[in-house]
Amino acid sequence: MTRKLVALDIDGTLLHHDGTISHAVRSAVRAVADAGHHVVIATGRSVVGAAPVLEALSLRDGLAVTSNGAVTSRLSGGEWDIIETVTFDPTSVLEVLKDAWPDAVVAVEDPGVGTRISAPFPDGEIMGPVEVVGWEGLAQIPTTRLTFRSPSGTSEDFEELVERLGLHGVNYAVGYTAWLDINPEGVSKASALEQVRRSLQVEPADTVAIGDHRNDVEMLEWAARGVAMGQAPDEVKAIADEVTATIDEDGAAVILRELV
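Residues numbered from 1 in each chain as written. Predicted model: local features only at pLDDT ≥ 70, side-chain atom pairs only at ≥ 80, totals over all residues. Heavy atoms only, no water.

S.K.: Summarise the pattern of salt bridges; cite the residues concerned and give the values.
M.R.: Taken as a whole and assessed by the stated rule, the structure comprises 15 salt bridges. In this structure, Arg197 and Glu194 form a salt bridge, with 2.7 Å as the shortest nitrogen-oxygen distance. Of this pair, Arg197 and Glu194 both sit in helix H5 (residues 189-200), three residues apart, roughly one helical turn. Of the two residues, Arg197 and Glu194, neither departs from the other in class, the shared state being buried. Linked through salt bridges whose partners overlap, the residues forming this network are Asp9, Lys189 and Asp216. (Salt bridge = Lys/Arg side-chain N within 4 Å of Asp/Glu carboxyl O. Helix = DSSP H or I, 4+ residues; strand = E, 2+ residues; numbered from the N terminus. Buried < 20%, exposed > 50% of the residue type's maximum accessible area, 1.4 Å probe, protein only.)

S.K.: Please provide a residue-by-residue account of the domain arrangement of the protein chain, values included.
M.R.: Many analyses report the size of an interface as the accessible area lost when the parts associate. The domain architecture assigned to the protein chain consists of domain 1 (5-85 + 187-259) and domain 2 (90-182). Computed over C-alpha atoms only, the centres of domain 1 and domain 2 are separated by 24 Å. On the side of domain 2, 14 residues touch domain 1, which itself brings 21 residues to the contact. On the domain 1 side of the interface with domain 2, the three residues burying the most area are Val48, His213 and Arg214, jointly 31% of the side's total. Viewed at the interface, domain 2 and domain 1 are joined by one salt bridge. A salt bridge links Glu159 to Arg214; its shortest N-O distance comes to 2.6 Å. (Domains from an automatic or database assignment. Contact = heavy atoms within 4.5 Å. Buried area = accessible area lost by both parts, 1.4 Å probe.)

S.K.: Explain the sheet that holds strand E3 (residues 61-66) to me, and be specific about the residues and the numbers.
M.R.: Judged by pairing direction, the sheet is mixed, and its eight strands sit side by side in the order E5-E4-E3-E2-E1-E12-E13-E14 without closing on themselves. Each of the sheet's edge strands pairs with one partner strand only, and the pair in question is strand E5 (79-85) and strand E14 (242-243). Bridging between strand E13 (residues 225-228) and E14 involves two bridges; their strand directions are parallel. The residue bridging Val227 from the neighbouring strand is Glu242, located in E14. (Pairing = 2+ DSSP bridges.)

S.K.: Report on the sheet that holds strand E10 (residues 170-174), specifying residues and quantitative values.
M.R.: Spatially, the six strands line up as an open sheet ordered E8-E7-E6-E9-E11-E10, and their pairing is mixed. Two strands close off the open sheet at either side, each with one partner strand: strand E8 (130-132) and E10. Strand-to-strand twist across the sheet, computed as the mean angle between neighbouring axes with direction ignored, equals 20 degrees. Judged from the three bridges that link them, strand E7 (residues 114-117) and E8 form a sheet pairing that is parallel. Looking across to E8, one finds that Thr115 is bridged to Val130. In the packing of helix H4 (residues 155-165) onto the sheet, the strands contacted are strand E9 (146-154), E10 and strand E11 (177-184), and the crossing angle to E9 comes to about 125 degrees. (Axes fitted to C-alpha atoms, helices over the stretch in contact; angles between N-to-C directions.)

Put into structure tokens, the structure is as follows:
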């Protein structure tokens, strides 16, 4: 059997919107791993945010790409070891974003330590240790990811905002809500997965990726078989090699079962 690298997004791909993972998806992920394929989680979540999901999937060994590609970790026996981080100085981005949206809050990530925030986020949105440092304290350290969030806006609002602001020298993606993730320039799930692929000595033709949103575009283009979830935005479906069923129909499980 040819071992494949199977890259899986979490939210909207494996994890339902209510925070649950269906039995069909959980068993399909396990079947792929048991068959000897390399299952690599590739998520916008932080290491802390991804950990409970991997535990729920019974994935206790291997590699994981988090923070939209800025952090790569090795998982051994359920313990995390961060093996690579890519950071950037958020100062210039913060200057552009300051006062850009009335009730916006900002978070900067410090892998292995926690998250610094300008003001409290809605409950449950930031996992792990959090320190409120105000706007001035956000630029004190290089970060792997900056998150700009508005409880009152929409994703359409933020798409227009990004166009208006003209962010340069970074990678960014707007979420399903008024949520904007900003990463170092050139960093994406795809850039990190390419390094993982090489380290695992998997051929490019043996790569599969499943995702559902804009921060998955580069990953789906990178994979030999890029699969968009059925509820993905049209621009994500357009670049994918194929489209599976929606998250509510366990679309990821459909593809995973084909691999075994």
